[in-house]
Amino acid sequence: LVKSSYERIREVDGDVKAFLTLNEEDALDKARELDKLEDKSAALFGMPAGIKDNIVTKGIRTTCASQFLDNFMDPLYDATVMNKLNDAQIVNVGKLNMDEFAMGSSNENSSYEATRNPWNTDYVPGGSSGGSAASVAAGEVLFSLGSDTGGSIRQPASYCGIVGMKPTYGRVSRFGLVAFASSLDQIGPLTRNVEDNARVLEVIAGHDVMDSTSADVEVPNFTEALTGDVKGLKIAVPKEYLAEGVSPEVKDRIHKALEVYESLGATWEEVSLPHSKYALSAYYLIASSEASANLARFDGVRYGVRSENADNMIDMFKKSRSEGFGDEVKRRIMLGTFALSSGYYDAYYKKAQKVRTLIKQDFDEIFASYDVVVGPTAPTPAFRVGEKTEDPMTMYANDILTIPVNLAGVPGISIPCGFGENGLPVGLQIIGQHFDEETVYRAAHAFE
Ligand code: GLN
């Protein structure tokens, strides 16, 4: 299995460019070791997997697709999710391409090469977990891990026609995930079907003493929730998710999906999430503010690249950061630093936090009467490489349907629901209540 993974990578990755680092020798050794074991009952025994390159892996370089960490050769520890996957006896095939520090929606912000959509390499795979989605869609690995701060698991899953789950905030430990926006980041699985996804989440979820924001709640057996039965399921469809800006072909696929749910005995009604229109602005203030603080650690001293031609210490900080970070990362650091500065803090950051509370309340109200919220994952299918790189605002607008879910902290999945006019996949997003991944998986599985 592991060999065939590398064969497939050699066949297609020259075009898809999903991987930044391959772990071939160690992976084959590990596979041989596993072959010799008598007990092959581990939950993910021998499964070849790819890992987003912002999750630290002992002994394998972790770059976050940034020149700043190009030489971060040997992280000294494994992320908690890696320890759990290793206990379940997976084989780590390699590290996956992404937008630099997970900032982006197309993978074009990777400081290496941009990953391409395996369905058509003229198109983007989505981002920031573009490598994670493309590697699964191209058949290079059986599953991958991504991270989702504002849509980075669900949107690439949608663009690549696979299943991607952002769990409830706190469901999965973030220990060993290089932080982008700590109050929004979650790790989650990308897979070819819902059952695989549930199996991987079962392994990686759970409380961790190394992450104080991981929740001490029981991890259910998610695969048991896949009953196929959605009779009586109450679906809310926010009118804001099928409004202007969402392409007619996407709306059409969502309506067809709702018909499928009706035929399975579920019911749906139109509802309103009235504060959705402020989500994008609130997100870009909160995420950038947290990023500006989190990325302060990259100073050229502790790890990463240090500028060669600095005269003194301050000059060394400045030059290392100027040379190490790409344009998008610098844009976010500047925006975040501004929003947190005295005199602006109340007007921007504090206001954004208040809006965040309103968005969470919108969801709470809906979940008092409905089981899940359903809509598209993204306003359009994948766009062409280069189409949105000129204007950051059009790129940001792409995340309008995924961001509210992170702000509210609730779980959301993207599953395939047909194709757009450009022949590329469309994703259906199913959102659940806090810690109710079971209902999300059950609804997703029944549709699939
Ligand atoms: N595209 C969004 C951004 O650039 C979300 C990224 C993410 O979820 N990591 O911030």
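Source: prediction; values computed, not measured.

Quick look at the overall build of the chain
In step 1: If you tally the helices and strands in the chain, you get 14 helices and 11 strands.
In step 2: Relative to the compact-globule value of 22 Å for 448 residues, the chain shows a C-alpha radius of gyration of 21 Å, a close match.
In step 3: Projected onto the principal axes, the alpha-carbon positions of the chain cover approximately 70 × 65 × 45 Å.
In step 4: Taken across its 448 residues, the chain has 59% of its residues classed as buried.
In step 5: For the chain, the accessible surface area stands at approximately 17,700 Å², while carbon and sulfur atoms represent 50% of it.
In step 6: Taking the average location of the 44 positive side-chain charges in the chain and that of its 64 negative ones, the two points are 3 Å from each other.

Quick notes on the sheet that holds strand β8 (residues 267-271)
In step 1: Pairing is mixed across the open sheet formed by 11 strands, whose spatial order is β1-β3-β2-β4-β6-β5-β10-β11-β9-β7-β8. The open sheet terminates on both sides in strands that have one partner only, identified here as β1 (19-22) and β8. In this sheet, adjacent strand axes meet at a mean angle of 30° when their direction is disregarded.
In step 2: The pairing of β1 with strand β3 (residues 91-96) spans three bridges and is classified as antiparallel. Residue Thr-21 lies in a different strand from β3, and its bridge partner there is Lys-95.
In step 3: Lying on the sheet, helix α7 (residues 248-263) is in contact with β7 (234-238), β8, β9 (372-376), β10 (412-419) and β11 (425-431); it crosses β11 at an angle near 55°.
In step 4: Strand contacts of helix α11 (residues 346-367): β7, β8, β9 and β11, with the helix running at about 120° to β9, the strand carrying the most contacts.

Structural notes on the site of the ligand
In step 1: Neighbouring the ligand are 15 residues, the closest being Thr-149, Gly-150, Ser-152, Tyr-283 and Asp-399.
In step 2: Contact distances for the ligand include 2.7 Å between an oxygen atom and a side-chain N or O atom of Tyr-283.
In step 3: One nitrogen or oxygen atom from the side chain of Tyr-284 is found 3.5 Å from an oxygen atom belonging to the ligand.
In step 4: For the ligand, the protein covers 100% of the area, taking 300 Å² as the surface of the free molecule.
In step 5: For the shell around the ligand, the per-class residue count stands at five nonpolar, seven polar and three charged.

Details of the packing of aromatic side chains
In step 1: By the definition in use, this model includes 17 aromatic pairs.
In step 2: Centre to centre, the rings of Tyr-344 and Tyr-348 are 6.0 Å apart; their planes meet at 20°, and the pair counts as stacked.

What about the environment of Arg-253?
In step 1: Tracing the sequence through the fold places Arg-253 in helix α7.
In step 2: For the pair formed by Arg-253 and Gly-418, sequence separation is 165 residues and the distance between their alpha carbons is 6.5 Å.
In step 3: Those residues within four positions of Arg-253 in sequence are excluded, and the remaining contacts are Cys-417, Gly-418, Phe-419 and Val-426.

A word on a nonpolar patch on the surface
In step 1: A cluster of nonpolar residues, Phe-338, Tyr-344 and Tyr-348, forms a patch on the protein surface that exposes about 280 Å² of accessible area.
In step 2: Tracing the sequence through the fold places Tyr-344 in the loop between α10 (327-340) and α11.
In step 3: Note on Tyr-344: relative accessible area 37%, which makes it partly exposed.

Observations concerning the pairing of strand β2 (residues 48-52)
In step 1: Taken across its five residues, β2 has five buried, putting it largely inside the fold.
In step 2: Burial along β2 is two-sided: the residues Pro-48, Gly-50 and Lys-52 and Ala-49 and Ile-51 are all buried.
In step 3: Looking at chain direction, β2 and β3 are connected through five bridges and run parallel. Its bridge partner lying in β3, Gly-50 is registered against Gly-94.
In step 4: Where the polypeptide runs from β2 across helix α3 (residues 80-87) and back to β3, its parallel neighbour, the crossover connection is right-handed.

Remarks on the UniProt feature "active site" (unreviewed entry) in the chain
In step 1: Sequence positions flagged by UniProt for "active site" (unreviewed entry) are, in local numbering, Lys-52, Ser-128 and Ser-152. Judged by maximum C-alpha separation, these annotated positions cover 101 residues in sequence but sit close together in space, the widest gap being only 11.0 Å.
In step 2: Inspection of the secondary structure assignment puts Lys-52 in strand β2.
In step 3: With a relative accessible area of 0%, Lys-52 lands in the buried category.
In step 4: Beyond its immediate chain neighbours, meaning those up to four positions away, Lys-52 contacts Lys-95, Leu-96, Met-98, Ala-102, Ser-128, Ser-129, Ser-132, Leu-145, Gly-146, Ser-147 and Ser-152.
In step 5: Among the polar contacts listed, one links the side chain of Lys-52 to the side chain of Ser-128, at a separation of 2.8 Å.
In step 6: Those residues within four positions of Ser-128 in sequence are excluded, and the remaining contacts are Lys-52, Asn-97, Met-98, Asp-99, Ala-102, Met-103, Gly-104, Asn-107, Ser-147 and Ser-152.

About the criteria used
Residues numbered from 1 in each chain as written. Predicted model: local features only at pLDDT ≥ 70, side-chain atom pairs only at ≥ 80, totals over all residues. Heavy atoms only, no water. Helix = DSSP H or I, 4+ residues; strand = E, 2+ residues; numbered from the N terminus. Rg over C-alpha atoms; globule rule 2.2 N^0.38 Å. Buried < 20%, exposed > 50% of the residue type's maximum accessible area, 1.4 Å probe, protein only. Areas by Shrake-Rupley, 256 points an atom, 1.4 Å probe, with all protein chains shown as cover. Lys, Arg positive; Asp, Glu negative; His and termini not counted. Charge placed at Lys NZ, Arg CZ, Asp CG, Glu CD. Pairing = 2+ DSSP bridges. Axes fitted to C-alpha atoms, helices over the stretch in contact; angles between N-to-C directions. Contact = heavy atoms within 4.5 Å. Near = heavy atom within 4 Å. Polar contact = N/O pair within 3.5 Å; in protein donor to acceptor, adjacent residues only side chain to side chain. Nonpolar A, V, L, I, M, F, W, Y, C, P; charged D, E, K, R; others polar. Phe/Tyr/Trp six-rings, centres within 6.5 Å; stacked < 30°, edge-to-face > 60°. Patch = residues over 30% accessible without salt bridge, like charges linked within 9 Å, V, L, I, M, F, W, Y side chains within 5 Å. Salt bridge = Lys/Arg side-chain N within 4 Å of Asp/Glu carboxyl O. Right-handed = clockwise from strand over helix to strand, strands pointing away. UniProt positions renumbered as here; feature names shortened; annotations may be inferred.

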